[in-house]
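Breakdown of the fold
In case you want the letters, here they are:
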Amino acid sequence: MARIIVVTSGKGGVGKTTTSAAMAMGLALKGHRTAVIDFDVGLRNLDLIMGCERRVVYDFVNVINGESTLNQALIKDKRCDKLFILPASQTRDKESLTVEGVGKVLEDLSKDFEFIVCDSPAGIERGATLAMYYADDAIVVTNPEVSSVRDSDRMLGILASKSRRAEQGEEPIKEYLLLTRYSPERVKLGEMLSVEDVQDILSLHLLGVIPESKAVLNASNSGVPVILDEKSDAGQAFSDVVRRYLGEHVTHRFIDVEKKSIFGRLFGG
Amino acid sequence: MPASHSESAEFVNAFEIKSGAVNLPVLKLLSVDMEYVSSQLWQKIRQAPEFFRNAPMAIDIHSLVDADVDIDFVGLVRAMRDCGLIPVGLCGGAERQNQAAQAAAGLSVISLARHELPPPASAPKPKAAPPPAEVHTKIVEQPVRSGQRIYVAGGDLVVMSQVSAGAEIMADGNIHVYGTLRGRALAGVQGNLGCRIFCHDLQAELVSIGGHYKISENIDDSLRGVPVQIYLQDQSLIIQRI
């Protein structure tokens, strides 16, 4: 039975698609068959971030409507043969998604895959609620900024009440906090919320902190999930996140201001 | 994808009928003088009109001294609707009254999960509101997240974690928050002015007891971030450190 992970946030533009792409690639590189699905019908961009926008023939809505088979719609990633992408439709809208349709697709995917990453759209409407309905784990992506924290809090309330697990009284969805676009310098200056400030309000298990990084924009533009940019801070942070998700104990990096001293540079900085 | 997918697309459940439990505020009728009821109702609702707007409310006629009396249900429903309430049903009535309510005012007959013992038909009872035979307390252990609403009818609410900004917690009785209270807390919503709110860390957006409320801006800074109790004294809200 596959583990279904939803990457959600409430607020838009915080890094859900970036995270979905990086997580899915990371899990696949570790040898797990992984599928990543774009739930943002009408505003699809997972295919751009994954670099497969020129190979999209059929999409998620085609599969739900029976217009194509799942195998026809899934796109195999060129860099890792264990990673598959199910793109969203660009011409339809969220009304085309149904609870049963989504459920059937996830059930079929579960037969072949170990992890299914669901890239949720922003908001709390149908696309977002369907993306999280069948989830086992939820990664709540949050920027260290007041409106993002408030929206993530709202999304947590919805996860706790409107998911299938909640409706059927099963064990609740496991929630993780992923803090993105973190700048330790600004936190030190008191301009930005710190990890502790965010945890004070959200009280969630911290999966990781991704620093603000130029590498993310470069990665999106070139259609390469940022986790593959191993030299970048964001790429390394995402690698840590995947390891932590799989159960390894990894110390949190990129939270404190880097001290660049001459001794550090001489003796192995 | 197997061909059976198109067959399964033909039959899809349009709905499911399930049993659910709801918490409803209840209007316990103590007088059948509809004009008097109407004017008092209007006074009460005026104290917190937003709170009562479109609120579903059941009508309980158990406490009426004369169990056989004729009640102007049409007038009562009209009075409630004028205040913005949505009357959903009648409980505690005799067969004759239930039928009258259904026929004249389209009210359904519902049964309350908890009931006080019916007063003896012969002995006259004092008009003061009878204390509830059972008081139940709801204990919430998970954080109350933004956008969530919790209402405890006929009892107290205890929250063992934080209440986020944008969340609303309400109770007919007292409210205890053993964590940070950042949202709105309304105690004694049915008009019990003796109720109190207790919390470990007051950062609330709004606190209210029996309709008397105070918003965050009007709460003194020295009372933020510390354990407090909030109660009503002579119609004004007192916030006191504990």
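Every value quoted in this text rests on a predicted model; they were computed, and no experiment measured them.

Quick notes on the overall build of chain B
Scanning chain B from N- to C-terminus turns up five helices and 15 strands. Burial status across chain B gives 41% buried among its 242 residues. Considering only contacts within chain B whose residues lie at least 6 apart along the sequence, 37% involve residues at least 24 apart. About 13,600 Å² of surface is accessible on chain B, with carbon and sulfur atoms providing 52% of the total.

With respect to the pattern of salt bridges
Pairing is possible between side chains that carry opposite charge, provided their charged atoms lie close to one another. For the coordinates displayed, the defined rule picks out 20 salt bridges over all chains. D200 of chain A is the partner of R182 of chain B in a salt bridge, and the nearest nitrogen-oxygen pair spans 3.6 Å. Here R182 of chain B is found in the loop between β9 (175-181) and β10 (184-187), whereas its partner D200 of chain A is found in helix α10 (residues 195-202) on a different chain. You can call R182 of chain B buried: its relative accessible area is 10%. Taking relative accessible area as the criterion, D200 of chain A reaches 47% and is therefore assigned partly exposed. Counted as one network, the salt bridges with shared partners bring together D240, R243, E248 and R253 of chain A.

What to know about unusual backbone geometry
Keep in mind that most residues, glycine aside, have a negative phi and that most peptide bonds are trans. Residues and elements named next belong to chain B. Of note, N54 is a non-glycine position whose phi angle comes to about 60 degrees, a positive value. Along the chain, N54 turns up in the loop between α3 (49-52) and β2 (56-60). Residue N54 is classed as exposed on the basis of its relative accessible area, which comes to 54%. Backbone geometry places D234, a non-glycine residue, at a positive phi of 50 degrees. Mapped onto the fold, D234 is located in the loop between β14 (228-233) and β15 (236-241). Judged by relative accessible area, which is 71%, D234 ranks as exposed.

As for the sheet that holds strand β1 (residues 26-28) of chain B
All names here are of chain B. On the basis of which strands lie adjacent, the open sheet formed by four strands has the order β1-β2-β3-β4 and parallel pairing. Two strands bound the open sheet, and with one partner strand each, they are β1 and β4 (108-109). Here β2 pairs with strand β3 (residues 86-91) via five bridges, running parallel. By the bridge assignment, D60 is partnered in β3 with C91. Contacting β1, β2 and β3, helix α4 (residues 73-82) runs over the sheet at an angle of about 145 degrees to β3.

What about the packing of helix α6 (residues 126-133) of chain A against helix α7 (residues 146-162) of chain A?
Residue and element names in this part refer to chain A. Across the interface, α6 lies against α7 with an axial gap of 10 Å and an inter-helix angle of 55 degrees. In terms of axis orientation, α6 runs oblique to α7. By crossing handedness, the relation of α6 to α7 is classed as right-handed. Only M155, I158, L159 and K162 of α7 make contact with α6, whose side of the interface consists of A128, T129, M132 and Y133.

Conventions we followed
Residues numbered from 1 in each chain as written. Chains lettered and ligands numbered in written order. Predicted model: local features only at pLDDT ≥ 70, side-chain atom pairs only at ≥ 80, totals over all residues. Heavy atoms only, no water. Helix = DSSP H or I, 4+ residues; strand = E, 2+ residues; numbered from the N terminus. Buried < 20%, exposed > 50% of the residue type's maximum accessible area, 1.4 Å probe, protein only. Contact = heavy atoms within 4.5 Å. Areas by Shrake-Rupley, 256 points an atom, 1.4 Å probe, with all protein chains shown as cover. Salt bridge = Lys/Arg side-chain N within 4 Å of Asp/Glu carboxyl O. Pairing = 2+ DSSP bridges. Axes fitted to C-alpha atoms, helices over the stretch in contact; angles between N-to-C directions. Parallel < 35°, antiparallel > 145°, perpendicular 65-115°, else oblique. Left-handed = near helix turned anticlockwise from the far one by under 90°.

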